[in-house]
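Summary of the model geometry
Residues per chain are reported as follows:
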Amino acid sequence: MASSVISQLVDAMTLCSQPAERQVRTTIDPPMAPEEAMKLLKEGNRRFVNGCPLGSKTKAAARQQLVEDGQAPHTAIIGCADSRAPLETIFDTMPGDIFVLRNAGNTCTHAEGSMVGSLEFCTGKLGSRLILVLGHTKCGAIYGATKTYLDSQPGKKVAGSALEGLLQDLGSVAQEAAQEMGPAASSDEVAAHAVKVNVFHTMNFLLRFSESIREMVKTGQVQIQGGIYHLETGSVEFLGQSPLQKELLESSMPIPPSMVTVEERGLHGVRTGADERVPSDLALAMLKKGNERFAAGAPTAGKTSDAMRKALVKHNQAPHSAILGCADSRVPVDTVFDATPGELFVLRNAGNTCTHAEGSIVGSLEFCTGKLGSKLILVLGHTQCGAIAGATATHQAGASNAPGCALEGLLQGLAVVAKDASEQLGPGASQQELVAHAVKVNVFHSMDFLLKFSEPLRELVRKGELDIQGGIYHLETGRVEFLGQSPRQEELLASDLSLPPSMALGAIRTSQDGIVAPKLALQSLKEGNERFVVGAPAAGKVYQSMREALATKGQAPHTAIVGCADSRCPLETLFDALPGDLFVLRNAGNTCTHAEGSILGSLEFCTGALKTQLIFVLGHTNCGAIKGATAAYFAAKKQQKKANNALDVLLKGLDTVVAQAVAEAGAKATEEEVAALAVKLNVFHTMNFLMQHSEPIREKVSSGNLEIHGGVYDLKSGRVEFLGCSPSQSKLVAGKSTVAPSLKDKMHGA
């Protein structure tokens, strides 16, 4: 204890024994390193505390030197205007040592441009390399703001004076302090902590909203430090750098929010048709800056004057971005991006989706990008999305019943998004993880829809005149996570679809339409089946004009289907197709057995005269023909039975398929298991038959002008399992076709 006291006395005597006269700093002196400047502040404060200041002892010559040579302060300080905290005195400085900015609460609130601009001048022009933000205990502004916050009722009260406005705007500091201190803290305890929170708040503001200061901090040219002056002792508690400094150095905000000029909003204070069109990269930057202002609690959109409204009427609109967002009341798009009227063309619905609103969404965006000249489309999802959560639950429940209301239809339509998210995350994902990922999947799903079904949008993207981006608004932070372009953009730019499904299905296919490539035809089948499964068919009504077009112009089906005659498998329905889309052949068992000539001849006509490039063979679960053939096969093993009718002959003709299923299923397989496998094998058997016994079909497959695919329709789920091409296709195409057995005699006779 004695040695400590002696040490303090020695330090005090050393400080007080320093020369009475010090040289003033001018531009002749070199810039001072931040560490050295901090050392001088600490030493000066110790002299002040110990009662032996030296700073006031100056002469006329020193003052004249400052006039002639100019200032070169080693430190810039933001302090409180409180008369009990005179900064030059607290740090025992000489004139020319510190560049001082002061207001009530040592804050940038309501003085953003003045504070930030002054500090940019000091660090840039004057060469100061240390910025100190200094709060103090018992700060009236902070204590007043804390009381205002703690006493405030729900709902924002309009400030009745500038002081009330200042205290309200410092409320975010009081709120943060109250949350950190917890509910048990007293008002004084919260206010005392708020002093410290406010120091960091001001430091963070400088980093967030000054590009030049950020750059100097990044390069080590400038340091920003915090401190608290204790009125009770006179000593300064130095807090160091902001805990958020590393994060804030990544900010892209060039200037404080209040300094966004009218010209940046538009010639008339709002964007109108009189303004230049904004390139997509600049539009995206404007969205990012606006969201940063919103998240930082410093919006600038403000009031819209009568003159602004009149300008929008007179000069029309010219939004820099079109946004497809969710209807959720927690995501007010214009507010989230701190936008004024005229900046954003906003489309909103539950789930920010094109599902059940295809024509409206796509048509609106074609208008905005075409007529209004917007060069950026942003699809914006958000965390905790109720529509996506509901769709995920619908998917997990396996709901396949017809929707009982529009909401159920919407959720079923979004279920495909939940399905994709579930497949991407795998079975171990939690419900919360699945919903969160589905939000992202849904954003890309909507972006892909726009690219896939709008030629005007695709053409603008190809020419570099439009950019389609995605984003997720985080309810928890107020910040938007920008996702960039769709990973599938390059692929989808090759699409040749010009209308959304619900609108395209209003157009009947006739012979005047172009040939549909197998890949696109197969995709149409998949999409139509998906619409059927989720209870959202789009085929709609068939009008007289459509029937007349088919009658006068002829057919041009994109797919020929060999399916089962089972009444539970209406092919046009389960693929949500219109008249003219599908060339359909059906019989019990979707087979060529005993109908060889009819099936082969019909398909040769369809792929030849009608130029269809996809044949699809479709079996189905619980097929009566296959089950009957399987039962007959097992019964024949026990007792030979003579075929007495056409049905017996048909079932006997399927023996080959059943025998193969028995061999593949194994000796322990039940009759039911054999029949289930035989359904799939029968599909391949029919596909193989076409290539074995039709030279025109085999030749077209060989040349790439025709594809033959198979599938199995699940009666229970409504979904088609697409099987692809036959495993035997390469071998069969390489060989030669032979005449179908039932046609040999007829062809030889001819």
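Conventions used here
Residues numbered from 1 in each chain as written. Predicted model: local features only at pLDDT ≥ 70, side-chain atom pairs only at ≥ 80, totals over all residues. Heavy atoms only, no water. Helix = DSSP H or I, 4+ residues; strand = E, 2+ residues; numbered from the N terminus. Buried < 20%, exposed > 50% of the residue type's maximum accessible area, 1.4 Å probe, protein only. Contact = heavy atoms within 4.5 Å. Pairing = 2+ DSSP bridges. Axes fitted to C-alpha atoms, helices over the stretch in contact; angles between N-to-C directions. Phe/Tyr/Trp six-rings, centres within 6.5 Å; stacked < 30°, edge-to-face > 60°. Lys NZ or Arg CZ within 6 Å of the ring centre and 35° of its normal. Polar contact = N/O pair within 3.5 Å; in protein donor to acceptor, adjacent residues only side chain to side chain. pLDDT = per-residue confidence, 0-100. Salt bridge = Lys/Arg side-chain N within 4 Å of Asp/Glu carboxyl O. Expected span 1.5 Å × (residues − 1). Bend = angle between axes of the 7 residues up to and from the residue. Parallel < 35°, antiparallel > 145°, perpendicular 65-115°, else oblique. Nonpolar A, V, L, I, M, F, W, Y, C, P; charged D, E, K, R; others polar.

Looking only at helices and strands, the protein chain features 33 helices and 15 strands. For the protein chain, buried positions account for 48% of its 750 residues. At a minimum sequence separation of 6, the contacts of the protein chain that also span at least 24 residues come to 76%.

It is worth spelling out the sheet that holds strand S11 (residues 559-564) at this point. In space, the 5 strands of this open sheet follow the order S12-S11-S13-S14-S15, with mixed pairing throughout. Each edge of the sheet is formed by a strand with only one pairing partner; in this case those strands are strand S12 (582-587) and strand S15 (720-724). If you compare each strand with its neighbour and ignore which way they point, the axes differ by 25° on average. Bridge analysis of strand S13 (residues 614-620) against strand S14 (residues 707-713) gives 7 bridges, and the strand direction is parallel. Across the sheet, the residue bridging to Ile615 is Ile708, located in S14.

Okay, the packing of aromatic side chains next. For the coordinates displayed, the defined rule picks out 10 aromatic pairs. Centre to centre, the rings of Phe345 and Phe367 are 6.2 Å apart; their planes meet at 50°, and the pair counts as tilted. Taken together, the residues Phe345 in strand S7 (residues 344-349) and Phe367 in helix H16 (residues 358-370) connect sequence positions 22 residues apart. For Phe367, a relative accessible area of 38% translates into the label partly exposed. Site record: aromatic cluster; members linked through ring pairs are Phe575, Phe616 and Phe722. The positively charged end of Lys42 is found above the aromatic ring belonging to Phe238, 5.4 Å away from the centroid. Its guanidinium or amino end placed over the ring of Phe722, Lys526 lies 5.4 Å from that ring's centre, counting from NZ or CZ.

Our focus in this paragraph is unusual backbone geometry. Here the phi dihedral of Lys138 falls at roughly 55°; this positive angle occurs in a residue that is not glycine. Examined against the element boundaries, Lys138 turns out to sit in the loop between strand S3 (130-136) and helix H6 (140-151).

We now examine the sheet that holds strand S10 (residues 480-484). Strand order in this open sheet of 5 strands is S7-S6-S8-S9-S10, and the pairing throughout is mixed. Sheet topology places S7 and S10 at the edges, where each strand pairs with a single neighbour. With strand direction ignored, the average angle separating the axes of adjacent strands in the sheet is 25°. As judged from the 4 bridges shared by strand S9 (residues 467-473) and S10, these two strands associate in the antiparallel manner. Across the sheet, the residue bridging to Gly470 is Gly484, located in S10.

Relative to the assigned elements, Glu343 resides in the loop between helix H15 (333-336) and S7. At 2.7 Å, the side chain of Glu343 forms a polar contact with the side chain of Thr340. Dropping the residues within four chain positions of it, Glu343 is found in contact with Arg265, Arg271, Pro319, His320 and Ser321.

Tracing the backbone shows Thr593 in the loop between S12 and helix H26 (596-608). Classification of Thr593 by relative accessible area gives buried; the value is 16%. Spatially, the C-alpha atoms of Thr593 and Lys652 are 9.7 Å apart, while their sequence positions differ by 59 residues.

So, on to the confidence of the model for the protein chain. Mean pLDDT over the protein chain stands at 86; residues scoring 70 or higher make up 86%. Looking at the elements of the protein chain, mean pLDDT is at its lowest for helix H33 (residues 744-749), recorded as 52, and at its highest for S9, recorded as 98.

For the structure shown, the criterion picks out 21 salt bridges. Linking Glu527 and Lys452 is a salt bridge whose minimum nitrogen-to-oxygen distance equals 2.1 Å. Of the two residues, Glu527 is situated in helix H23 (residues 518-533) and Lys452 in helix H19 (residues 431-453); the sequence distance between them amounts to 75 residues. Each of the two residues, Glu527 as well as Lys452, counts as buried. Glu491 is the partner of Arg488 in a salt bridge, and the nearest nitrogen-oxygen pair spans 2.9 Å. Judged by relative accessible area, Arg488 falls into the partly exposed class, the value being 36%. On the accessibility criterion, Glu491 (48% relative accessible area) is partly exposed.

This next bit is on helix H30 (residues 671-693). For H30, which comprises 23 residues, the first-to-last C-alpha distance of 31 Å matches the rise-based estimate of 33 Å (1.5 Å per residue) to within 8%. The largest bend in H30 is about 25°, located at Val679.

One can find His201 in helix H9 (residues 187-209). The spacing of His201 and Ser172 is 29 residues in sequence and 9.5 Å in space, taken between C-alpha atoms. When near neighbours in sequence (up to four residues on either side) are disregarded, His201 contacts Ser172 and Val173.

A word on the packing of H9 against helix H10 (residues 211-218). Interhelical geometry of H9 versus H10 gives an angle of 100° and a closest axis separation of 6 Å. Here H9 is positioned roughly perpendicular relative to H10, judged by the angle of their axes. Between H9, through Leu207, Arg208 and Phe209, and H10, the contact on the second element is made entirely by Glu211, Arg214 and Val217. Residues of the contact of H9 with H10, tallied by class, amount to 3 nonpolar, no polar and 3 charged.

Okay, the pairing of strand S6 (residues 321-326) next. Of all 6 residues in S6, 6 are buried; the element is thus mostly enclosed. In this structure, S6 lies alongside S7, joined through 6 bridges in parallel fashion. If you follow Cys326 over to S7, its bridge partner there is Asn349. Bridge count for S6 against strand S8 (residues 376-382) is 3 bridges, and the pairing is parallel. In the strand pairing of S8, Ala322 is matched with Ile377.

Our focus in this paragraph is the packing of H19 against helix H20 (residues 455-462). Following both chains from N to C, one finds H19 and H20 inclined at 95°, their axes separated by 5 Å at the closest point. Considering the angle they form, H19 stands roughly perpendicular to H20. Residues Leu450, Leu451, Lys452 and Phe453 of H19 touch H20, and the partners they reach there are Glu455, Leu457, Arg458 and Val461. In terms of residue class, the contact of H19 with H20 is made up of 5 nonpolar, no polar and 3 charged.

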